[in-house]
Amino acid sequence: MPPPDQQVDDDVEAVLAGSRAVVGISVRSLAGAMESLTLQQYRVLVLICSRGPLRSGALAAAIGVHPSTFTRAVDRLVAAGWVTREDNPDTRREVLVAPTARARVLVAEVLERRRAEFEAVLSRMSPQDRAAVGEGFARFARAVGDADLPEAATLGYPA
């Protein structure tokens, strides 16, 4: 058995290798979308597809940009046919940013590609290894706790 410090180092390296694999799958799933969108624009689409229409200010805060910068980003998304602006039916003073059908299809395709690739990887593993991976990820998620990971949500990972 390696000394405790070495075991921790080995464990960290194993987690880093696994996280690189997960990030690689995520990046590959986004490749098609990145031909016509920036990552920031895609994040906006994921948010409004998953949460429904949102105010520009709330969207800007969610992706960590200044509202004035974000207004120009929404203008580009509207011009490209990814989003619409609509009056908030509850207040009529606010404008909401909503996804178009085209945006919903794109986000669904990215998530399906990601899911299919994870399924393909898991199908190459024995049932025992799949169970170990599932249990390991579940334990890791519990150790992380209830951390709010807005960046993950904006890439299409459920909260």
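What this report covers is the structure whose coordinates are included nearby.

Conventions adopted
Residues numbered from 1 in each chain as written. Predicted model: local features only at pLDDT ≥ 70, side-chain atom pairs only at ≥ 80, totals over all residues. Heavy atoms only, no water. Pairing = 2+ DSSP bridges. Helix = DSSP H or I, 4+ residues; strand = E, 2+ residues; numbered from the N terminus. Contact = heavy atoms within 4.5 Å. Axes fitted to C-alpha atoms, helices over the stretch in contact; angles between N-to-C directions. Buried < 20%, exposed > 50% of the residue type's maximum accessible area, 1.4 Å probe, protein only. Salt bridge = Lys/Arg side-chain N within 4 Å of Asp/Glu carboxyl O. Expected span 1.5 Å × (residues − 1).

In this section: the sheet that holds strand 2 (residues 83-87). Reading across the sheet, the three strands line up as 1-3-2 and stay open at both edges, with antiparallel pairing between neighbours. Both edges of this open sheet fall to strand 1 (54-55) and strand 2, since each of them pairs with a single strand only. Where strand 1 meets strand 3 (residues 95-99), two bridges bridge the pair, whose relative direction is antiparallel. Residue Leu54 lies in a different strand from strand 3, and its bridge partner there is Val97. Relative to the sheet, helix 4 (residues 67-79) contacts strand 2 and strand 3, its axis offset from that of strand 2 by approximately 110°.

This part is about the pairing of strand 3. Counted residue by residue, strand 3 has four buried out of five residues, so it is predominantly covered. Looking at chain direction, strand 2 and strand 3 are connected through five bridges and run antiparallel. By the bridge assignment, Thr84 is partnered in strand 3 with Ala98.

Per the counting criterion, the structure on display carries six salt bridges. Linking Arg55 and Glu94 is a salt bridge whose minimum nitrogen-to-oxygen distance equals 3.6 Å. Of this pair, Arg55 sits in strand 1 while Glu94 sits in the loop between strand 2 and strand 3, placing them 39 residues apart in sequence. In this structure, Glu135 and Arg142 form a salt bridge, with 3.6 Å as the shortest nitrogen-oxygen distance. The exposure class of Glu135 is partly exposed, given its relative accessible area of 36%. Residue classification places Arg142 among the exposed residues on the basis of a relative accessible area of 55%. Here the salt bridges do not stand alone but share partners, grouping Glu135, Arg139 and Arg142 into one network.

Before going further, it helps to spend a moment on helix 2 (residues 39-51). The terminal C-alpha atoms of helix 2, which comprises 13 residues, lie 18 Å apart, in line with the 18 Å expected from a rise of 1.5 Å per residue. Among the residues making up helix 2, those that are buried are Gln41, Tyr42, Arg43, Val44, Leu45, Val46, Leu47, Ile48 and Cys49. A positive phi of about 95° marks Gly52, the residue just after helix 2.

By themselves these figures say nothing about function.
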